[in-house]
Amino acid sequence: MAARGVNGFQRFLQSETGPKTIHFWAPVMKWALVFAGISDLNRPVESLSGTQQLALFATGAIWTRWCLIIKPKNYLLASVNFFLGTVASVQLTRLFSYNRSLGKSYPETFQALFVQDGGKPKIVVPAPAAA
């Protein structure tokens, strides 16, 4: 039994996604983003950034899929990205519900996710250059 555990541990150490590679340590460090998002559940919803949460949600969704199609498959990275997207979707739901509770319509609610308090858009699209 003990010999089998040693072999399994040695396989883990020497694997393509083991602790001797970046494929292990990058996801481990990325868990800090998930924990920060979970701690933000205690923040007032007015202080959350819709654009930041949307970016985290997109990152989580895109990279979860990508981690499952690359070689070697990186399940640790897929799991952290899945939870990153999940936490961001919860925060987006909080923002959406808060804005709806203020009596805003659906278009106003979606716009509120991307507009700062002063009325300036958070996402600025530059005008095309004159020819």
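The structure displayed is predicted, hence computed values, not measured ones.

Peer 1: Explanation requested: the overall build of the protein in the structure shown.
Peer 2: Along the protein, the regular secondary structure elements total five helices and zero strands. Of the regular secondary structure in the protein, the N- to C-terminal order runs α-α-α-α-α. Counting all 131 residues of the protein, 24% fall into the buried class. Excluding contacts between residues fewer than 6 apart, the proportion of contacts in the protein whose partners are at least 24 apart in sequence is 61%. Carbon and sulfur atoms make up 67% of the accessible area of the protein, which totals about 9100 Å².

Peer 1: Looking at this structure, I do not really get the confidence of the model for the protein. What am I missing?
Peer 2: Interpretation of the predicted coordinates at a detailed level should be avoided for regions scoring low in pLDDT. Confidence in the prediction for the protein averages 83 pLDDT; 83% of positions are at 70 or higher. Looking at the elements of the protein, mean pLDDT is at its lowest for helix H1 (residues 2-14), recorded as 67, and at its highest for helix H4 (residues 75-101), recorded as 94.

Peer 1: Can you help me understand the packing of helix H3 (residues 50-69) against H4 in this one?
Peer 2: In a pair of packed helices, the angle between the axes and the distance between the axes together describe the arrangement. H4 packs onto H3 with a crossing angle of 150° between their chain directions and a minimal axis gap of 7 Å. As summarised for this structure, H3 and H4 are arranged roughly antiparallel, according to the angle between their axes. Helix-helix and strand crossings are classified by hand; for H3 and H4 the assignment is left-handed. Residues Gly50, Gln53, Leu54, Leu56, Phe57, Thr59, Gly60, Trp63, Thr64, Cys67 and Leu68 of H3 form the contact with H4, whose own contacting residues are Tyr75, Leu77, Ala78, Asn81, Phe82, Leu84, Gly85, Ala88, Ser89, Gln91, Leu92 and Leu95.

Peer 1: What is the right way to look at the nonpolar core in this model?
Peer 2: Soluble, globular proteins show a tendency: their nonpolar side chains are buried together. In this structure, Val34, Leu56, Cys67, Leu77, Ala78, Val80, Leu84, Val87 and Ala88 together form the largest nonpolar core, which totals nine residues. At the level of secondary structure, the elements contributing two or more residues to this core comprise H3 and H4. Counting residues per element, this core draws most heavily on H4, at six residues. Excluding residues within four positions of it along the chain, Val80 makes contact with Pro27, Lys30, Trp31 and Val34.

Peer 1: Explain a nonpolar patch on the surface to me, please; I cannot follow it from the model alone.
Peer 2: Residues Ile62, Trp63, Trp66, Leu68, Ile69 and Tyr75 make up a contiguous nonpolar surface patch of roughly 630 Å² in combined accessible area. No other element matches H3, which puts five residues into the nonpolar patch. Positionally, Leu68 belongs in helix H3. A relative accessible area of 33% places Leu68 in the partly exposed class.

Peer 1: Help me out: how do you make sense of the pattern of salt bridges in this one?
Peer 2: Pairing between side chains of opposite charge can happen when their charged atoms approach one another. Following the criterion strictly, the structure yields one salt bridge and no others. The salt bridge partner of Asp40 is Arg43, with a shortest N-O separation of 3.7 Å. Exposure remark for Asp40: the relative accessible area of 16% places this residue in the buried category. Residue Arg43 is classed as partly exposed on the basis of its relative accessible area, which comes to 33%.

Peer 1: Which parts of the structure should I look at to understand the packing of aromatic side chains?
Peer 2: Two descriptors summarise a pair of aromatic rings, namely the distance from one centre to the other and the angle between the planes of the rings. Applying the stated criterion across every chain yields a total of five aromatic pairs. Pairing Trp31 with Phe83 gives two aromatic rings, centres 5.8 Å apart and planes at 40°, and the pair type is tilted. Taken together, the residues Trp31 in helix H2 (residues 22-39) and Phe83 in helix H4 connect sequence positions 52 residues apart. Classification of Phe83 as partly exposed rests on a relative accessible area of 38%. Seen in terms of ring centroids, Phe82 and Phe83 are 5.4 Å apart; in terms of plane orientation they differ by 80°. Their pairing is edge-to-face. Positioned above the aromatic ring of Tyr106, the side-chain terminus of Arg100 is 4.0 Å from the ring centre.

Basis of the calculations
- Residues numbered from 1 in each chain as written.
- Predicted model: local features only at pLDDT ≥ 70, side-chain atom pairs only at ≥ 80, totals over all residues.
- Heavy atoms only, no water.
- Helix = DSSP H or I, 4+ residues; strand = E, 2+ residues; numbered from the N terminus.
- Buried < 20%, exposed > 50% of the residue type's maximum accessible area, 1.4 Å probe, protein only.
- Contact = heavy atoms within 4.5 Å.
- Areas by Shrake-Rupley, 256 points an atom, 1.4 Å probe, with all protein chains shown as cover.
- pLDDT = per-residue confidence, 0-100.
- Axes fitted to C-alpha atoms, helices over the stretch in contact; angles between N-to-C directions.
- Parallel < 35°, antiparallel > 145°, perpendicular 65-115°, else oblique.
- Left-handed = near helix turned anticlockwise from the far one by under 90°.
- Core = buried A, V, L, I, M, F, W, Y, C linked by side-chain atoms within 4.5 Å.
- Patch = residues over 30% accessible without salt bridge, like charges linked within 9 Å, V, L, I, M, F, W, Y side chains within 5 Å.
- Salt bridge = Lys/Arg side-chain N within 4 Å of Asp/Glu carboxyl O.
- Phe/Tyr/Trp six-rings, centres within 6.5 Å; stacked < 30°, edge-to-face > 60°.
- Lys NZ or Arg CZ within 6 Å of the ring centre and 35° of its normal.

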